[in-house]
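Here is what each chain is made of, one letter per residue.
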Amino acid sequence: MKQLCLSVLFVFFITLITKAAPGDVHIAIETRQTALVIRVDKDQSPTLVHLGSKLRNAAEYAAIPARGKRGEDYTDIYNSVYTPAGSRNLLEPAIQVTHADGNPSLDLKYIRHESQSMADGVVLTKVYLKDPQYPFEVTLYYKAYQNEDVIEQWSTIRHTEKKSITLHKYASANLYIPAQNYYLTHFHGDWANEMNPSEIPLTEGIKILDSKLGTRADLFQPPSFLVSLNKPAEEEQGEVIAGTLSWSGNYQLAFEVDPLHNLRIIPGINPYASAYSLAPGTEFTTPAFLFTYSDKGKGGASRSLHRWARKHRIPQGEGNRLTLLNNWEATYFDFNEEKLSALFKDGKKLGVDLFLLDDGWFGNKYPRNNDRAGLGDWQENVKKLPHGLGYLVKEAENAGIKFGIWLEPEMVSPKSELYEKHPDWVIKLANRSEYYFRNQLVLDLSNPKVQDFVYGVVNDLMTKNPTLGFIKWDCNAVIYNAFSATIQNQSNLYVDYVQGLYKVLDRLRAKYPTLPMMLCSGGGGRVDYGALKYFTEYWPSDNTDAQERIFIQWNYSYFFPSIASCNHVTDWGKQPIKFRTDVAMMGKLGYDIVVSKLTEEELTFSQQALKTYEGIKNIIWKGDLYRLASPYTNDVASSMYVSESRDRAVWFTYLVNSRYKAGSQAPIKLNGLDPAKNYRIRELNVYPGTTSRINTSTTTYSGNYLMAIGFNPQVDTRRTSVVLEVNEVK
Ligand code: DGJ
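Quick caveat, the model's predicted, so the values are computed rather than measured.

### Describing the UniProt feature "domain: Glycosyl hydrolase family 36 C-terminal" (unreviewed entry) in the protein chain
In this structure's numbering, the residues bearing the UniProt feature "domain: Glycosyl hydrolase family 36 C-terminal" (unreviewed entry) are residues 637–723. Along residues 637–723, the helical share is 7% and the strand share 31%, with 12 Å between the first and last C-alpha atoms.

What follows is the structure, encoded as structure tokens:
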């Protein structure tokens, strides 16, 4: 009995210390389905009390117990909205500062907040915080994209202390979520092996995902993740948070399960070697962290991110894209005007919109005939291209297609005139031997002169060739021996590099707002929403083996919409051209093959596929994606894209297992259709000389039937890929 009384008393006590007090202020950042709720108590301490489903009655946010009502927090800031280091904090901070007087502590009190409605259902809330002892301020920004259920969060930091202060850590966000269990899906890999998922339960302590590559967020792991609450992530059920940092450089994502078993997520720039010196009166803006909360599993989360990206982030995200023929794998560095002119004609014959000339067209003193020379010398190689790029642009246009070009303007070959002329433009340490990544070094984009140079490379090209239709912007090297010849504080370099890059891209986008640009980084090393603010599309991987691409594209699809995914049909892998084409169609279709080597059947198939693609591309690019069968747990991978009005869908299924009898044994349940509509199913991309097993049927099915019972696309070892169109019958 005594024990029972004690327990009741304990529960009462905990309830008392965790409940909102009558005077507490609540700031609700809401989207259509989600709410992030900040509580400010009488001491002006801002804490995060809710991240999850939006409540119908906002007044009830005041009843939410802090910290999931789980017990005592000795500091009262485990769930701080932006945990300051050095005062009473005991956990991972969001911000750590040394003030101008050497004091290493920070406290952040709420001053005020304001919300403003912007266009298209976007509401920006600013929460102003200040240290009571120092002229040091942080403003937290929460941009709520209401219709897309995405929240974008960042902060600005400024001070008017007597001298510069040092920012040791400056995260973008600091989330707090109580649940029974947490499952983190993160992604890892390397060149040609991007985006392998690992799902792990998070236990007490910290799990860090990070990168220290300097020029790009990714090579080993991207700055994107999924956290599933209570149980491992499922495709269409359960609570999932998908998060991604908009930053193309060193990042850190910290996941801390705190002593109360609540999850703290602290994403931001990597503090590694980046203690940032901030002068008085200047402002530091962190990159934005983007996240969405879904109670419809990973599928719901990715559909929200896709909608958001198309509407609010990727240039012309709701517009058009060009199909193209690239010459990289067809010629590598070995081409001349004659060969290229023949390729333009091939591209036209195939039926693509554009020819993309890849690496190897520049450099004279040090010709770019392999990857060991010439990078930085952006003048046409007179031997290969005696009549210059202008001639090629015209030749392509005469053949009836547009012309695009490859650049890697941030990097330099040690064997180049640029390096000889401007050794101080290169990131390197004078007393260490040079160490190369793909035989190259990185230009110092923290230097405004280098920014002008990089801007000038693109601007000159565009000025001389105003009809140039496309740029592929590559970035192969990482930063070794980080040191700038011009910067004052070396530890600002990693941050200033990325900010310098963004300054160049801002200038380019201001002048060329509609130029299609592909983001490439020695494969998929730079797929992040910081860079995708400027690029219309990205290159997921140099690995274009269609079997591998099924997995790679599957994992990117959690975060990035198919309109931005450049999928090329190449000669990697041993699959028939139909399989390769079907896989490449699940995004922005392109080719990197020798068209003249295609058999007549292959050419006819490809020409027809491009025509078919024209008619379905808008459903693939702008429709809702449903991943139906995972290649990780099935013999087949299956995904469908459904148009907004649910009258059309395109459905792709591939065999991913070659064992005896492998295939789609049973019907696959469709998703996203209108249960009340009737549909007919028709097979697309049927290879010449074969007959469809599906097109013989005239049966119509209700959406209800297709989603409850399903349909078997009949994928097996003789039909390794099947593309079906699901059309409403009126
Ligand atoms: C790496 C890219 O990923 C490739 O597609 C190609 O453009 C090469 N660079 C060219 O050097």
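### Some words on the layout of surface pockets
Gaps left between atoms show up when a probe the size of a water molecule is rolled over them. Roughly 770 Å³ of internal volume is contained in the largest pocket. Around the largest pocket sit 35 residues that line it, and T285, T286, P287, Y502 and K533 are the ones nearest its centre. Elements with a minimum of two residues in the lining of the largest pocket: β7 (136–145), β8 (150–159), β18 (276–278), β19 (283–285), α2 (297–313) and α8 (493–511). Taken together, the residues of the lining of the largest pocket sort by class into 14 nonpolar, 12 polar and nine charged.

### Some words on the site of the ligand
In the vicinity of the ligand, 13 residues are found, and the nearest of them are D358, D359, K472, D474 and D542. At a separation of 2.8 Å, an oxygen atom of the ligand approaches a polar side-chain atom of K472. Summarising the interface, the protein chains cover 98% of the accessible area of the ligand, which totals 290 Å² for the free molecule. Taken together, the residues of the shell around the ligand break down into four nonpolar, three polar and six charged.

### A short note on the pairing of strand β33 (residues 648–655)
Burial within β33 is extensive, with seven of its eight residues counted as buried. One ladder, built from seven bridges, connects strand β32 (residues 636–642) with β33; its direction is antiparallel. By the bridge assignment for β33, V642 is matched with A649. The antiparallel pairing of β32 with β33 creates a hairpin that spans five residues between the two strands, and R646 there sits at a positive phi of about 60 degrees.

### Some thoughts on the pattern of salt bridges
Where charged atoms from two side chains of opposite charge approach closely, those side chains can pair. Tallied over the entire structure, the rule returns 32 salt bridges. Two residues, R307 and D624, come together in a salt bridge whose shortest N-O distance is 3.2 Å. Residue R307 is found in helix α2, and its partner D624 is found in strand β31 (residues 624–629); the two are separated by 317 residues along the sequence. Relative accessible area serves as the criterion here: at 28%, R307 is assigned to the partly exposed category.

### Here we look at the packing of helix α4 (residues 337–350) against helix α5 (residues 388–399)
Interhelical geometry of α4 versus α5 gives an angle of 30 degrees and a closest axis separation of 9 Å. When the interaxial angle is binned, α4 and α5 end up roughly parallel. α4 and α5 meet at a crossing whose hand is right-handed. Counted together, E337, L340, S341, F344, K345 and K348 of α4 and G388, Y391, L392, E395, A396 and A399 of α5 form the full contact between these two elements. By residue class, the composition of the contact of α4 with α5 is six nonpolar, two polar and four charged.

### Notes on the sheet that holds strand β9 (residues 165–170)
Within a sheet, neighbouring strands are paired by backbone hydrogen bonds and run either parallel or antiparallel to one another. Pairing is antiparallel across the open sheet formed by three strands, whose spatial order is β4-β9-β18. In this open sheet, the two edge strands, each paired with only one partner strand, are β4 (95–98) and β18. Strand-to-strand, the axes of this sheet are offset by a mean angle of 30 degrees, without reference to chain direction. Here β9 pairs with β18 via three bridges, running antiparallel. Within β18, the position partnered with I165 by the bridge is L278.

### As for the packing of aromatic side chains
Summed over all chains, the structure comprises 43 aromatic pairs. Measuring from ring centre to ring centre gives 5.6 Å for F187 and F559, while their planes differ by 85 degrees; the resulting arrangement is edge-to-face. With F187 in strand β11 (residues 182–188) and F559 in the loop between α9 (546–556) and β29 (566–570), this pair connects stretches of sequence that are 372 residues apart. The buried category is assigned to F559, whose relative accessible area is 0%. Taking the centre distance of 6.4 Å and the plane angle of 70 degrees together, the rings of Y558 and F559 count as edge-to-face. Three or more aromatic residues link up through ring pairs in this structure, and these residues are Y145, F187, W308, Y529, Y538, Y556, Y558, F559 and F560. A cation sits over an aromatic face here: R507 above Y455, 4.1 Å from the ring centre. For R549, the ring lying beneath its charged end belongs to W539, and the centroid distance is 4.9 Å.

### As for the nonpolar core
Grouped together as the largest cluster of nonpolar side chains are 191 residues, with contacts concentrated most on L167, L357, W361 and F403. Here the element with the most residues in this core is α8; it accounts for 10 residues. Setting aside anything within four residues of it in sequence, one finds L167 in contact with I95, Q96, V97, F136, I157, S274, A275, Y276, L278 and F284. One finds V636, I694, V715 and L724 within the second-largest nonpolar core, a separate group that totals 22 residues.

### Some words on the UniProt feature "binding site: substrate" (unreviewed entry) in the protein chain
Here the UniProt feature "binding site: substrate" (unreviewed entry) sits at W191, D358, D359, R438, K472, W473, D474, C475, N476, C520 and D542. Mapped onto the secondary structure, K472 falls in strand β26 (residues 470–473). Not counting chain neighbours up to four residues away, the residues in contact with K472 comprise N326, L356, D358, I405, W406, L407, M518 and C520. A distance of 2.8 Å separates a polar atom in the side chain of K472 from a polar atom in the side chain of D358. Looking at where D542 falls in the secondary structure, it is placed in the loop between β28 (537–538) and α9. According to the relative accessible area criterion, D542 is buried, its value standing at 19%. Of note is the side chain of D542, whose polar atom sits 3.0 Å from the side chain of W191.

Each value, and the rule that gives it
- Residues numbered from 1 in each chain as written.
- Predicted model: local features only at pLDDT ≥ 70, side-chain atom pairs only at ≥ 80, totals over all residues.
- Heavy atoms only, no water.
- UniProt positions renumbered as here; feature names shortened; annotations may be inferred.
- Helix = DSSP H or I, 4+ residues; strand = E, 2+ residues; numbered from the N terminus.
- 1 Å grid on protein atoms, 1.4 Å probe; cavity = no way out; pocket = protein on both sides within 12 Å on 5 of 7 lines; lining within 4 Å.
- Points joined across faces, edges and corners; volume = space filled by probe spheres on them.
- Nonpolar A, V, L, I, M, F, W, Y, C, P; charged D, E, K, R; others polar.
- Near = heavy atom within 4 Å.
- Polar contact = N/O pair within 3.5 Å; in protein donor to acceptor, adjacent residues only side chain to side chain.
- Areas by Shrake-Rupley, 256 points an atom, 1.4 Å probe, with all protein chains shown as cover.
- Buried < 20%, exposed > 50% of the residue type's maximum accessible area, 1.4 Å probe, protein only.
- Pairing = 2+ DSSP bridges.
- Salt bridge = Lys/Arg side-chain N within 4 Å of Asp/Glu carboxyl O.
- Axes fitted to C-alpha atoms, helices over the stretch in contact; angles between N-to-C directions.
- Parallel < 35°, antiparallel > 145°, perpendicular 65-115°, else oblique.
- Left-handed = near helix turned anticlockwise from the far one by under 90°.
- Contact = heavy atoms within 4.5 Å.
- Phe/Tyr/Trp six-rings, centres within 6.5 Å; stacked < 30°, edge-to-face > 60°.
- Lys NZ or Arg CZ within 6 Å of the ring centre and 35° of its normal.
- Core = buried A, V, L, I, M, F, W, Y, C linked by side-chain atoms within 4.5 Å.

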